[in-house]
Amino acid sequence: MQHSYIIVSNFKERKNFMFTKRTLFFIFIAFQFILAQGGGKYKMPGTGVILGEVIHADTGNPIEYASISLINKKSNEVVTGQLTDDRGVFVFQELKKGYYFIEINFMGFESWRSEEINITKTSNRNNIGTIQLKSKLLEGAEVNITEKKEIYEFEADKLVYNPDNDIVATTGSAEDVLNRAPMVTVDQDGEVQLRGNSNVNILVDGRKNRIDLANISGSQIEKVEVITSASAKYDPEGMAGIINIVLKKGSSDGFNGNIKLNGNHNKYYSLDKMHGLSAYGNYRKGKFNFFSSLAMNNKFGNRGGFRNTITTYTDNEGINPIRIDSIFYNYGTDTERNNINARFGLDYNFMDDITLTNEFKISTRNKNSLTIQEYQAIPESWGEDFPMTETSIGEEGSDGNFDLDYLFELDKEYKDPGKSLNFSFRLDRGDDNEISALLDNQEEQYELIEFIDEEQEIEIDFSYKQSLNNKSKIEFGYDGQLIDNQNSMNFDGATIDQSIADQIIDNTFLFKRDIHAVFVEYENQLNDYFSIKPSIRLAIVDRDV
């Protein structure tokens, strides 16, 4: 009996347990039914996701804080919105089934609207990819948005001069701009000195310059980089330092440009002899960017001076003067320089981050100078030959000096602004003719020297730069220079009346030089005031003279 009681008791306990479980189940179903009929405020979230990335169409850099709006197609109302993060990324989550649009707005850029996006049970994750926003011009009746650079900027290895806000510099030529740059001086003959030393390497857009600086208009110059301690990236030519002139290239859509006329006046010459014209134009449309420039300059210079040389003759003991001779020189020089320079090219955005550039340059130059020197001897007992006059005539480019330059360049940009890749090929061909004559009126003698120079140069450059972190980066590359140069000098000297026969000397000089160099440089910004930039360069030189 006790055994049966246990069995019945266990049965009752199990029956009670089953009743409790069934009751809870019905309560749960009833609760869900009430929620489905709107009896509660809680609603099940959606499972749809829409994400994407926003970048600058020109630079490829991410755009932070762009406004992203999610719009319901049926009601055409904004469901929700957010801003892009520092990577340009946005994500909409827990979206219900339906049709949506994404609209992106950011100041200074054209608005963007997506195609129809359908969120379904089977297709609930939509990655619309990378959206490229294009820049647009901002116009306002009372508000102008402009960028103003500091006149002087200091970097780890150079000083940068921005001449845009210097009206005195931009109305002249590159010589006038350099004269305003720190530590740089240019004399009236166009010779450039850096910290008083003329052994300076002058580059245009990072490449060796063969064009007369008077040929480059100041309005075409974007900036001047003065590098007093050059790294291994640069050719060691120019022990005083390097001056790199960076020319402008337009980046705005459509057509833009400018034309400038300039003139000078002083007590020697006026506008009829000292004037110039510079024009710059740029047209950008889609993947193409056409750019061109023209500069014409006439310059006159006048320089005069005097000097006195004294020669003292003494006795054998070197104490008592026997005779003192003095010759006084008085001279004046007039110089005229005429220059024409034309530049035109095309940028093609082969891909969103790769730009191909083809550029042509042509320039001509002519220089004439006349120097007259008079000298008077004291004592005049030397004879009636004094005073005497000597005339020197210099002519450069009488047969048409010219320089032709072709450049091909490939630039690849990355989302990381500290990362870049560049390759360039440059071919330069130029002729330089000079004639100088020295006429001695007293002796009726003359000397005529003709110098002819023909040069061809090929430059091949490759460089790759990579950021290691926020404060350091590394760069390495190749630099090739192939020069084939030939020059000749012809000398002819005689008396005017041919009492002394012509003395004719001819000299021809052939020069070939190939340089192949590789370099590596590392830069680390230690703090706001100090940085280091160690570098190394290995070069192989093959010279044939």
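All residue numbers here refer to positions counted from 1 along the written sequence of the relevant chain. Local features in this predicted model are restricted to residues of pLDDT 70 or higher, and side-chain atom pairs are both shown and tallied only at a pLDDT of 80 or more, whereas totals for entire chains, interfaces and linings draw on every residue. Side-chain measures were taken over the full set of non-hydrogen atoms in the model, leaving aside hydrogen atoms and water.

A look at the pairing of strand S26 (residues 503–525)
Along any regular strand the residues' side chains alternate between the sheet's two faces.
Logical step 1: Between any two strands, pairing holds if DSSP finds at least two bridges. Segments assigned H or I by DSSP are reported as helices when at least four residues long, segments assigned E as strands when at least two residues long, and all are numbered from the N terminus. With 10 bridges connecting them, S26 and strand S28 (residues 535–544) associate as antiparallel partners. Looking at S28, one finds that lysine 512 is bridged to aspartate 544.
Logical step 2: Here two bridges tie S26 to strand S27 (residues 531–532), and the two strands are oriented antiparallel to one another. In the sheet register, glutamine 525 faces S27, and the bridge partner there is serine 531.
Logical step 3: Hairpin connection, S26 to S27: the antiparallel pair is bridged by five residues.

Let's talk about the side chain of glutamate 459
Logical step 1: Considering the arrangement of structural elements, one finds glutamate 459 in strand S24 (residues 445–467).
Logical step 2: Those residues in contact with glutamate 459 that lie beyond four places of it in its chain are Arg207, Lys208, Ser424, Phe425, Arg426, Gly480 and Gln481. Residue contacts are defined here by distance: any two heavy atoms, one from each residue, within 4.5 Å place the two residues in contact.

A word on the pattern of salt bridges
Logical step 1: Between Lys or Arg on one side and Asp or Glu on the other, a salt bridge is scored when a side-chain nitrogen of the former is within 4 Å of a carboxyl oxygen of the latter. In the structure shown here, the tally under the stated rule is 18 salt bridges.
Logical step 2: With a closest N to O distance of 3.3 Å, arginine 87 and aspartate 85 form a salt bridge.
Logical step 3: Type-normalised accessible area, obtained with a 1.4 Å probe on protein chains alone, sets the label of each residue: buried when under 20%, exposed when over 50%, and partly exposed for intermediate values. Residue classification places arginine 87 among the exposed residues on the basis of a relative accessible area of 54%.
Logical step 4: With a closest N to O distance of 3.5 Å, lysine 533 and glutamate 521 form a salt bridge. Separated by 12 residues along the polypeptide, lysine 533 in the loop between S27 and S28 and glutamate 521 in strand S26 bring together distant segments of the chain.
Logical step 5: Overlapping salt bridges, with partners in common, bring together Glu175, Asp176, Lys299 and Arg337 in one network.

Let's talk about the sheet that holds strand S1 (residues 48–56)
Logical step 1: Spatial strand order, S4-S1-S8: three strands in an open sheet with mixed pairing. What marks the edges here is a single partner per strand, and that holds for strand S4 (89–95) and strand S8 (125–133). Neighbour to neighbour, the strand axes of the sheet diverge by 15° on average, direction disregarded.
Logical step 2: The pairing of S1 with S8 spans seven bridges and is parallel. Considered in S8, the bridge of valine 54 is made with isoleucine 131. Under this scheme, a helix contributes an axis fitted over its contacting stretch, all axes are lines through C-alpha atoms, and angles between N-to-C directions fall in the 0 to 180 degree range.

Topic: the confidence of the model for the protein
Logical step 1: Along the chain, pLDDT gives the predictor's confidence residue by residue, from 0 to 100. Predicted confidence across the protein gives a mean pLDDT of 78, with 78% of residues reaching 70 or more.
Logical step 2: Model confidence for the protein, summarised as mean pLDDT per element, is weakest for helix H1 (residues 2–36) at 47 and strongest for S28 at 93.
Logical step 3: Across residues 140–144 the pLDDT falls below 50, and counting only partners more than four positions away or on other chains, this stretch makes zero contacts in the model.
Logical step 4: Within the model, the stretch residues 380–385 combines pLDDT values under 50 with three contacts to residues more than four positions away or in other chains.

Examining the sheet that holds strand S10 (residues 159–161)
Within a beta sheet, neighbouring strands are joined by backbone hydrogen bonds and run either parallel or antiparallel to one another.
Logical step 1: Spatially, six strands are ordered S9-S10-S15-S16-S13-S14 in an open sheet, and the strand pairing comes out mixed. Looking along the sheet, the strands with just one partner apiece sit at the ends: strand S9 (152–154) and strand S14 (207–208).
Logical step 2: Alignment of strand S13 (residues 200–204) against S14, held across two bridges, turns out to be antiparallel. Bridge pairing links leucine 203 to lysine 208 in S14.

A few points about unusual backbone geometry
Logical step 1: Located in the positive-phi region is tyrosine 65, a residue other than glycine, with phi close to 65°.
Logical step 2: Within the element layout of this structure, tyrosine 65 appears in the loop between S1 and strand S2 (67–72).
Logical step 3: On the basis of relative accessibility, which here comes to 53%, the residue tyrosine 65 falls in the exposed class.
Logical step 4: You will see that glutamate 94, though not glycine, has its phi angle at about 55°, which is positive.
Logical step 5: By secondary structure assignment, the location of glutamate 94 is in strand S4.

Considerations on the nonpolar core
Logical step 1: Leu178, Val184, Val192, Leu213, Ile221 and Val224 are the most contacted members of the largest nonpolar core, which has 20 residues in total.
Logical step 2: Every element with two or more residues in this core is listed here: helix H3 (174–180), strand S11 (184–186), strand S12 (192–194), S13, strand S15 (221–227) and strand S16 (241–247).
Logical step 3: What leucine 178 contacts, discounting residues up to four positions off in sequence, is Val184, Val186, Val192, Leu213, Val224, Ile243 and Ile245.
Logical step 4: Residues grouped as a nonpolar core are buried Ala, Val, Leu, Ile, Met, Phe, Trp, Tyr and Cys residues, joined through side-chain atoms within 4.5 Å. Within the second largest apolar cluster, 17 residues are counted, among which are Phe92, Leu95, Tyr100 and Ile131.

Some points on the packing of aromatic side chains
Logical step 1: For Phe, Tyr and Trp, rings pair up if their centres lie within 6.5 Å, where Trp contributes its six-membered ring, and each pair is then called stacked (planes under 30 degrees apart), edge-to-face (over 60) or tilted (otherwise). What the rule picks out here adds up to 10 aromatic pairs.
Logical step 2: Arranged with centres 5.6 Å apart and planes meeting at 50°, the rings of tyrosine 464 and phenylalanine 476 form a pair that is tilted. Pair noted here: tyrosine 464 is in strand S24 and phenylalanine 476 is in strand S25 (residues 472–495), with a separation of 12 residues, a long-range link.
Logical step 3: Overall, the relative accessible area of 16% leaves tyrosine 464 in the buried class.
Logical step 4: Cation over ring: lysine 412 sits above tyrosine 414, and NZ or CZ is 5.0 Å from the ring centre. For a Lys NZ or an Arg CZ to count as sitting over a ring, it must be within 6 Å of the ring centre and within 35 degrees of the ring normal.

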